[in-house]
There are 2 protein chains.
Amino acid sequence: MDLKTVKSLIDASACRTDADLKIRNVKIVDVYNKELFPSDVYVKDGYIIGFGGDRKAQEEFDGKGRFLIPSFIDSHCHIESSHLSPAEFSDAVVPCGTGTVIADPHEICNVTGLDGMQYMLDASKDIPLSVFLMFPSCVPATPFEHSGAVLSAEDVRAYIDNPRVLGLGEMMNYPGVNGADEGVIAKLGEAYRLDKIIDGHAPSIAGAALDSYVSAGIETDHECETPEEAYDKIRKGMYVMLRQGTACQNVLQILPAVNERNFSRFLFCTDDRQPQSITREGHVSHAVNLAIRGGLDPFIAISMATLNAATCYRLRDRGAIAPGKRADFFLSSSLEEGIVPEEVFLKGKLVAKNGKTIAKARHIEPVNVSGKMDVKNFSIDSFSLKLKSNHARVIDIIPGGVVTGAGEAYVKTDDDGNWIHDPGKDILKIAVIERHHGTGLHATALIRGYGLKHGAVATSIAHDSHNIIVVGDNDEDMLHSVEKLIETGGGITMFKDGRELGTHRLEIAGLMTDDSLGNVTECLDKMHEICERELCVNKDIDPFMTLCFMALPVIPSYKLTDSGLFDVVSFSFVDNCL
Amino acid sequence: MDLKTVKSLIDASACRTDADLKIRNVKIVDVYNKELFPSDVYVKDGYIIGFGGDRKAQEEFDGKGRFLIPSFIDSHCHIESSHLSPAEFSDAVVPCGTGTVIADPHEICNVTGLDGMQYMLDASKDIPLSVFLMFPSCVPATPFEHSGAVLSAEDVRAYIDNPRVLGLGEMMNYPGVNGADEGVIAKLGEAYRLDKIIDGHAPSIAGAALDSYVSAGIETDHECETPEEAYDKIRKGMYVMLRQGTACQNVLQILPAVNERNFSRFLFCTDDRQPQSITREGHVSHAVNLAIRGGLDPFIAISMATLNAATCYRLRDRGAIAPGKRADFFLSSSLEEGIVPEEVFLKGKLVAKNGKTIAKARHIEPVNVSGKMDVKNFSIDSFSLKLKSNHARVIDIIPGGVVTGAGEAYVKTDDDGNWIHDPGKDILKIAVIERHHGTGLHATALIRGYGLKHGAVATSIAHDSHNIIVVGDNDEDMLHSVEKLIETGGGITMFKDGRELGTHRLEIAGLMTDDSLGNVTECLDKMHEICERELCVNKDIDPFMTLCFMALPVIPSYKLTDSGLFDVVSFSFVDNCL
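Below or above, wherever it landed, is the structure these notes cover. The structure presented is a predicted model; accordingly, all values stated were derived computationally and were not measured. (Residues numbered from 1 in each chain as written. Chains lettered and ligands numbered in written order. Predicted model: local features only at pLDDT ≥ 70, side-chain atom pairs only at ≥ 80, totals over all residues. Heavy atoms only, no water.)

Here's the deal with the interface of chain B and chain A
Let me state the cut-off plainly: Throughout, a residue-residue contact means that at least one pair of heavy atoms, one from each residue, lies within 4.5 Å. Buried area adds together the accessible area that both of two parts lose upon being put together, with accessible area traced by a 1.4 Å probe. We define a salt bridge as a contact between a side-chain nitrogen of Lys or Arg and a carboxyl oxygen of Asp or Glu at a distance within 4 Å.
Taken together, the 62 residues of chain B in the interface contact 62 residues of chain A. Summed over both partners, the interface of chain B with chain A comes to about 5200 Å²; 52% of that surface belongs to carbon and sulfur atoms. Per-residue buried area on chain B facing chain A is highest for B:Arg235, B:Arg261 and B:Arg316; these three make up 17% of the total on that side. A salt bridge links A:Asp195 to B:Arg316; its shortest N-O distance comes to 2.8 Å.

Encoded structure:
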């Protein structure tokens, strides 16, 4: 805070000058004592300067007896998962009561490296939502695929002293930490140097492996699956996040670990939350309400979403309704029965009402991050799938998650060994095409359980390297789909018999769009409907999200990268035939 | 932490190398979940690297089933109040279970300015106790006295980026904050610049005054008098300290404010703790045990003295027994019945056993802070007390505190108006002699209730400017006493009929000595006994501590500085006569 502002706050607080705003007739949710506190709240220059008393204010706002709740802090998210640019993301989540997010931009950085980091910093600078970033620690996620960039300890060094960069993003490379890998330690060292936070990502890690992970100074985890795992991580000093993303959700699973003695060690996060989830359920608000309905004391739930996150990430200027804190709060008529952010104030300004933003966030032109589709040596031959035998390996989709099975099947081939689609079997061709550096790399494999009868679906969202991934029964529609994505600069598209059935454009790095949540949701809803009706995609899966995870070579069993079919269990590439 | 150490910790934690130490057969106090957790603890390079498992260690220590408790953190203290140099202070408090102190060296800085700051940093550097400093914010405490130094915002700037300086020390000048005084704001600004902590000192401050104080970013308070005051400060976002000093104690008063919902906002501190209190009762341990005996859950009490303090002061490497934290802990056979630090480990080394240090702390030569006694134009005439009438103002001692009454009395004078001691009345002469800059300033007044029949008592500890203060019935003994202090470089001394009855030497800035707690306590015990027996000092007061506070012009009502009799209520100097 600059000294001029401090002086102004003190002057107003000490009643020598008028406040800008008085919020009267509210019950303040006091996250420190965890109780209600009826009082007026005074705001100056975007900060709370005091309660009650005989102060004067330029403007008054009648809270009508409602609850005044500090804005929520999302402790860990990837804005990219919303498909929205930071400005549109702000307009999408601010009406849900989210005031601050701590975002790891590792999706866009996998595509565009430091340009992506810079874009996320610039695009999230002057918008109502406060966006802090964690510098991505694991770009690329693995050496088995070709991402758009490789970020080193030197890159960390170039950005980590930015006051809006709170530390090092989720350290997914736990074998690298456990093995004291030099490159990993060098990245951690950059966080140590400035005493910044290091986020964790430690699914099912326990015992000595967890000890070494925590000994390395990694402070948070959002990957717990059981209350016992959460409890163990709390005991070892981590902050544990209750996560309510779209694909991965653990709020209700982990909730039994939260009690009156350890609640200060829990936070909430959304991690990967898709546009439709935000539209239909909300954001952090959804996680908080789930926890409250699950039996958690609402004051504790709110503290976890506010004060605890601010404490963990050392954001001293927020996380509570108290003097000197940012005037980030919202009004809700109900608490135990479900929090509904009816009027949202950020920095003392009314920015959203009844689920709608009042003033749209400022947009910036995406620089060096748009239309990135450097695909070379690409033709219909790129989809060739020649098999050495007809006993093939098959990626088996398992509905409800991102894990696949290591399947096998007897398939048809032509005289040259080329796979032939059998309409009687739900086996399709899947291909990944490198799109970042024109390497011409591409790979094909077989996938079972997607359901599609005829046509192709393609997307440029393919964790974590975000090459183009496409599934189909015929090479022509697959070719059209990929060509469409190259033309639009990325997105999700569907073709059938050479006809475009629908396209969701993601012109920013092939991951995000500068369009509104409403439009994106509408477009995706329509495309989902077409997927089901025209392409007959398996109703038990999300046709796009499922596809997005088929290239992620850290989640078992079979996955396909631009370099070939990968067996995550043996951690090696395997042939398409057994 | 340096990268070599991190690598070593990870290697040992991941069981690739041996640990240095295994503590087995203990019940770990888990301050996160607030429960017991039976496990082995492994230590490498001074850090905890994990629990249990099949690890190997170079050395084993049998905990014999006892409780393993993280070392206590004293959230706010003035080491000077112990009369001990940092090395001797370490040897004194480490056996009490204190592992870390956050010290505000404002006493020595009032005497020696930045030399005092530097000495405290140097002298506390390589000792078993971890000492962090807060840069004193209010030197001098008031403009009504002459201290040895004036510390400005520029001085703050010169020291605040030191990693062992955690921020700005207790901001006693709350009128200056409330008034947005430029010099005060500039000092606060130095803390804002590096996002460091600002400690508070806000006795009975409430309402708009507290709002403006907290709006200025001041985060802690240790001056609460009632549970209601504590609760109000918690609500406004402060961390509240339960203080158990020697003169000022509020643990049991404030305790009712601590509950299962807000406990994470409370800390413990000792503030000003005299040598005899440390010897007889312990240190932070005493405050913790008092709270436990007062009904506080022992896990919450321990968390307040460990995790909460580490969280507030952002000391991420301590405050709990968990991987990656410093191996600072101790063993106690009992918990609810009173914690007794039987064996104390700091950085993984056994440093104290059964109340005694095992290896003494390293001492350094005091540079530019010793023997500072620059008294000029001083003679027996300095004690002259000429009254305009025989209706005089009298400082009335009120036993049990540091507040005085604004008394008056009819006294005897000689023909020239000089005060004459009346053996039938308990009224004595008191004098303050400036000792820092040879200004020749001195002042005299009358004091009632000290009890002394014949002789004089003098000390160079006189809050906060620490000039020489002396009380007596006759000028000769007062002269001898002051001369003795000038000769020894400071301390406490007593004279009767020209005979020295005892002297406690405080050769470091006239405030501290490089002698042991045992010797200091023994010397003070003997002097107390002489005070009572030979000088007949009032048994209801501490003869030395009472004297130390008679020059502090911020606590009502009458006080004497080197510039004259001061009325704290009217905040102005007053004549010795009415």
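The structure having been displayed, the exposition proceeds.
What about the relation of the copies chain B and chain A?
Inclusion rule: A residue counts toward the fit only if its pLDDT is at least 70 in both copies, and the copies are then superposed by least squares on the C-alpha atoms of those residues.
Rotating chain B by 180° and moving it 0.0 Å along the rotation axis overlays it on chain A with an RMSD of 0.1 Å. Here the two chains are linked by the operation of a two-fold rotation axis. When C-alpha positions in chain B are compared against the rotation axis, the closest is assigned to B:Glu260, at 3.4 Å. A high fraction, 100%, of the interface residues of chain B reappear at the interface in chain A, so the copies pair face to face through one surface.

Considering the packing of aromatic side chains
Residues and elements named next belong to chain A. Basically, it comes down to this: Paired rings are identified among Phe, Tyr and Trp, the last through its six-membered ring, by centres lying within 6.5 Å, and are further divided according to the angle between planes into stacked (under 30 degrees), edge-to-face (over 60) and tilted (the rest). A run of H or I in DSSP becomes a helix once it reaches four residues, and a run of E becomes a strand once it reaches two; helices and strands are each numbered from the N terminus. Each residue is placed in one exposure class: buried if its accessible area under a 1.4 Å probe, protein chains only, is under 20% of its type's maximum, exposed if it is over 50%, and partly exposed if it falls in between.
If you walk through the whole model with that rule in mind, you get 23 aromatic pairs over all chains. Taken together, a centroid distance of 5.6 Å and an interplanar angle of 50° make the contact between Phe329 and Phe345 tilted. Here Phe329, found in strand β13 (residues 329-332), pairs with Phe345, found in strand β14 (residues 343-346); they are 16 residues apart in sequence, far enough to count as distant. The burial state of Phe329 is the same as that of Phe345; both residues are buried.

Quick word on the sheet that holds β14(A)
Residues and elements named next belong to chain A. Definition in use: Two strands pair if DSSP finds at least two bridges between them. An axis is simply a line fitted to the C-alpha atoms; with a helix, the fit covers only the stretch in contact. Between two such axes, the angle follows the N-to-C directions and lies from 0 to 180 degrees.
With mixed pairing, the eight strands of this open sheet are ordered in space as β3-β2-β1-β4-β13-β14-β15-β16. Among the strands making up the open sheet, the edge pair consists of β3 (47-51) and β16 (356-357). As paired strands, strand β2 (residues 35-44) and β3 are joined by four bridges and run antiparallel to one another. Each residue of the ladder has a partner; that of Val41, found in β3, is Phe51. Along the sheet, helix α1 (residues 3-13) contacts β2 and β3; its crossing angle with β3, the most-contacted strand, is approximately 20°.

Structural notes on the pairing of strand β28 (residues 564-567) of chain B
Residue and element names in this part refer to chain B. Across four bridges, the pairing between strand β27 (residues 558-561) and β28 is antiparallel. The residue bridging Tyr558 from the neighbouring strand is Asp567, located in β28. Relative to strand β29 (residues 572-573), β28 runs antiparallel, the two sharing two bridges. By the bridge assignment, Asp567 is partnered in β29 with Ser572. The hairpin turn running from β28 into β29, its antiparallel successor, is four residues long, and Phe571 in that turn takes a positive phi close to 55°.

Nothing here speaks to function; it is all geometry.
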